[in-house]
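If you want the building blocks of each chain, they are given just below.
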Amino acid sequence: MTQHQHLASQHCEIIESKIAQVREDAFATLDDLVTSKTNAALNAARSIGTEIGILFREKRWEDILALFHPVEEKAPEVAESGTDLDIRRKIAFALGQASRFDEAIEQLNHCIARRKDSFYLHNAMAYTAYNSLYAAMNREVFLRGKHRAQRIELAHRHFNEARRLRPDGVTNGYRQGMLYKQIEGKPAKAVPLFIEAIKNWERMDETTREDRRQEFKNYVKALYNGASALLAGHRAQQALDLIQRCMKADAQTDHVAPALRHFALGKVYFHLNRFEDSRQALETALTCRHQGPLDFVRELLARTWLCLNDWEKALAVLRQIPEKRRRPYIRWTEADALCASGDLATAAALLDRSAARDGRSRHKTLIRLSRIFYLQGEFAKTGKCAADACRFFQEQWGKDFEDGLFWQALSALKGGDTEAAREHATQLKACNPEYPKLDHLMEAIA
């Protein structure tokens, strides 16, 4: 070994000995002392953050992804320096807007692993998972079975964490309520979350409300959807309180379309049997400008007219809906109005045509037909429609159809087949011993 090599070796040993004395941790490393390198990474992160901010405001999601995703390739010095969390969070949002939800979740998982108590990251993850479920519901992406269940669990987990970290917030309570109500079909579980969101806004002083004014929209929507969830649980009086507060709060902002607010008010009044109030609210809804057709408003208004004993006005309202847009639920009300007029034959023909084209709610149409045939004394047709309804329901949902069993039992009894009637009634009792008129039917069979 030459003298030069010997000196170089000694120099390396000295450096290694000094480095061994350094105590690095999560807050500081030896590389941090080389400020020219750390400053370069910070400057790059700031520059990227500024550029992304501009593109964000212009909603240029694909441009953000083309320029900065993945960070490891497009800005390796930023990724290596650990100054990439906010950039990754924004890239995740852009990925979500581009319906690339799995990639967005991957980015956020990377961030949360490094900063577990960040409200903003848990909020972003919850929103991304929630948004992906809405996209799947609207058939924009495919998400079924186990994967859908896992995505729901992911959304709930991060909503819970975001609400823990910011318990006075409005938005996450509202969104988690919508996850239960709209995605999972569990309105009862949604109610406490909507109430939490509502109370959190109403507790704020004016200064806080001004600082967090972007949450006002979700306060209004929590009132609106809270009323809907309460109504689904047959709590109409409480629903009336929320929808009336929604009407007042949203009068100047229209975060919920006026037609929808008045429809919701009319629907609550209808369930409270306040039919004149319902009529007025629904007719007001029809005067509001709205992006799409208001067929659902007309259908409920027609039912309201039937409850006010005016089948002619009910039919007149329904005839404002073009034939090709009369979905099964509209046909049901149209048939009810025809029955109220005494024209059972036309009602039956209408329902028969509707059942042939209905691939989802055919069982309900068939039961309406069963009732008409029963009142006409055609018990064989009553039983056939009821049996078809049971078969369809079993194929669709794998369960017994209570209404179908009842009308099968009744038609068999009237047709003289007591044993078949007893069999259907016994099966119905096993499903629902409290079914209306079941006791009377059992007595008649006995």
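Higher on the page you've got the structure.
Counting of residues starts from 1 at the beginning of each chain's written sequence and follows it residue by residue. Selection of residues for local features in this predicted model requires a pLDDT of at least 70, selection of side-chain atom pairs for listing and counting requires 80 or more, and totals for whole chains, interfaces and linings are taken over all residues. Hydrogens are left out, water is left out, and the side-chain values use all remaining heavy atoms of the structure.

**Brief notes about the pattern of salt bridges**
Applicable threshold: What makes a salt bridge here is a side-chain nitrogen of Lys or Arg within 4 Å of a carboxyl oxygen of Asp or Glu, nothing more. Helix numbering and strand numbering both begin at the N terminus, where a helix is a DSSP run of H or I of at least 4 residues and a strand a DSSP run of E of at least 2. A 1.4 Å probe rolled over the protein chains alone gives each residue an accessible area, and that area as a share of the maximum for its type sets the label: buried under 20%, exposed over 50%, partly exposed in between.
Tallied over the full model, the rule gives 33 salt bridges. For K90, the salt bridge identified is with D86, shortest N-O distance 3.3 Å. Of this pair, K90 and D86 both sit in helix α6 (residues 85-97), 4 residues apart, which is roughly one turn of that helix. On the basis of relative accessibility, which here comes to 22%, the residue K90 falls in the partly exposed class. By relative accessible area, D86 is classed as partly exposed at 36%. The partner of E161 in a salt bridge is R164, with the nearest N and O atoms 2.5 Å apart. In this pair, E161 and R164 are both assigned in helix α9 (residues 145-165), 3 residues apart and thus about one turn of the helix distant. The exposure class of E161 is partly exposed, given its relative accessible area of 22%. Assessed through its relative accessible area of 48%, R164 is described here as partly exposed. Through salt bridges that share partners, E323, R326, R331 and E334 make up one connected network.

**Overview of empty space enclosed by the protein**
This is how the line gets drawn: For each structure, a 1 Å grid was placed over the protein atoms alone; sets of points admitting a 1.4 Å probe that cannot get out are labelled cavities, open sets with protein on both sides within 12 Å along at least five of seven lines are labelled pockets, and lining residues have an atom within 4 Å of a point. Grid points are joined across faces, edges and corners, and a volume is the space filled by probe spheres set on the points. Classification convention: Asp, Glu, Lys, Arg as charged; Ala, Val, Leu, Ile, Met, Phe, Trp, Tyr, Cys, Pro as nonpolar; all other residues, Gly among them, as polar.
Using the criterion set out here, one finds 1 cavity of 30 Å³ or more in the structure. Space inside the largest cavity adds up to approximately 40 Å³. Ranked by residue count, the leading element in the lining of the largest cavity is α6, at 4 residues. Residues belonging to the lining of the largest cavity are distributed by class as follows: 4 nonpolar, 4 polar and no charged.

**Notes on the nonpolar core**
Inclusion rule: Here, nonpolar core means buried Ala, Val, Leu, Ile, Met, Phe, Trp, Tyr and Cys residues that are tied together by side-chain atoms lying within 4.5 Å of each other. Contact definition: two residues touch when any of their heavy atoms are within 4.5 Å.
In this structure, I64, I91, Y219 and I243 are the most contacted members of the largest nonpolar core, which totals 72 residues. Per-element accounting of this core gives the leading share, 10 residues, to helix α13 (residues 216-232). Not counting residues up to four positions away in its chain, the partners in contact with I91 are I52, I64, L65, F68, H69 and V71. Residues C288, V297, I330 and A347 belong to the second largest nonpolar core, which totals 56 residues.

**Looking at the packing of helix α16 (residues 275-287) against helix α17 (residues 295-307)**
Here is the rule: The angle between two axes is taken between their N-to-C directions and runs from 0 to 180 degrees, where each axis is a line fitted to C-alpha atoms and a helix contributes only its stretch in contact. To sort the angles, those under 35 degrees are grouped as roughly parallel, those over 145 as roughly antiparallel, those from 65 to 115 as roughly perpendicular, and the leftovers as oblique. By definition, any crossing whose near helix is turned counterclockwise from its far helix by less than a right angle is left-handed, and any crossing with a clockwise turn is right-handed.
Where α16 meets α17, the axes come as close as 9 Å, and the angle between the chain directions of the two elements is 155 degrees. It follows from the interaxial angle that α16 and α17 lie roughly antiparallel. By crossing handedness, the relation of α16 to α17 is classed as left-handed. Along the contact surface, α16 presents F275, S278, R279, L282, E283, A285 and L286, while α17 presents V297, R298, L300, L301, T304, W305 and C307. The residue makeup of the contact of α16 with α17, split by class, is 9 nonpolar, 2 polar and 3 charged.

**Quick notes on the environment of D417**
Tracing the backbone shows D417 in the loop between α23 (402-414) and α24 (418-431). Classification of D417 as partly exposed rests on a relative accessible area of 40%. Separated by 28 residues in the primary sequence, D417 and I445 place their C-alpha atoms 9.7 Å from one another.

**Side note on the packing of aromatic side chains**
Given two aromatic rings, one states the distance between the centres and the angle between the planes to describe the pair. How we decide: Two aromatic rings from Phe, Tyr or Trp, using only the six-membered ring of Trp, form a pair when their centres are within 6.5 Å; if the ring planes differ by under 30 degrees the pair is stacked, by over 60 it is edge-to-face, and anything between is tilted.
Scanning the entire structure with this criterion turns up 21 aromatic pairs. Pairing F56 with W61 gives two aromatic rings, centres 5.1 Å apart and planes at 90 degrees, and the pair type is edge-to-face. By relative accessible area, which is 23% here, F56 ends up partly exposed. Here the aromatic rings of F392 and W397 are separated by 6.4 Å at their centres, their planes lie at 75 degrees, and the arrangement is edge-to-face.

**Examining the environment of D63**
Examined against the element boundaries, D63 turns out to sit in helix α3 (residues 61-68). Between the alpha carbons of D63 and I52 there is a distance of 9.1 Å; along the sequence they are 11 residues apart.

**Structural notes on the side chain of R331**
Using the following cut-off: Between N or O atoms, a polar contact is any pair within 3.5 Å; within protein, one atom must be a potential hydrogen donor and the other a potential acceptor, and residues adjacent in sequence are included only when both atoms are from side chains.
Among the secondary structure elements, R331 is positioned in helix α19 (residues 328-340). Of the polar contacts made by the side chain of R331, one reaches the side chain of E323; its length is 2.7 Å. For R331, the contacting residues outside a window of four places in its chain are E323, R326, L350, L351 and S354.

**Some points on the side chain of H158**
Counting through the fold element by element, H158 comes out in helix α9. Judged by relative accessible area, H158 falls into the buried class, the value being 5%. The residues touching H158, leaving out its near neighbours within four places in the chain, are I112, H122, M125 and A126.

**Points about the layout of surface pockets**
Counted as a void, the largest pocket has a volume near 1600 Å³. In terms of lining, the largest pocket is formed by 39 residues, of which the most central are Q182, F263, K267, F296 and R327. When contributions to the lining of the largest pocket are tallied by element, the ones reaching two or more residues are α10 (171-183), α13, α15 (258-271), α17, α19 and α21 (362-375). Counting residues per element, the lining of the largest pocket draws most heavily on α13, which supplies 7 residues. In terms of residue class, the lining of the largest pocket is built from 21 nonpolar, 6 polar and 12 charged. The space that makes up the second largest pocket amounts to roughly 620 Å³. In terms of lining, the second largest pocket is formed by 24 residues, of which the most central are F119, Y120, N123, T171 and R175. Elements supplying a minimum of two residues to the lining of the second largest pocket: α6, α8 (119-137) and α10. The element contributing the most residues to the lining of the second largest pocket is α8, with 6 residues. Taken together, the residues of the lining of the second largest pocket sort by class into 9 nonpolar, 8 polar and 7 charged.

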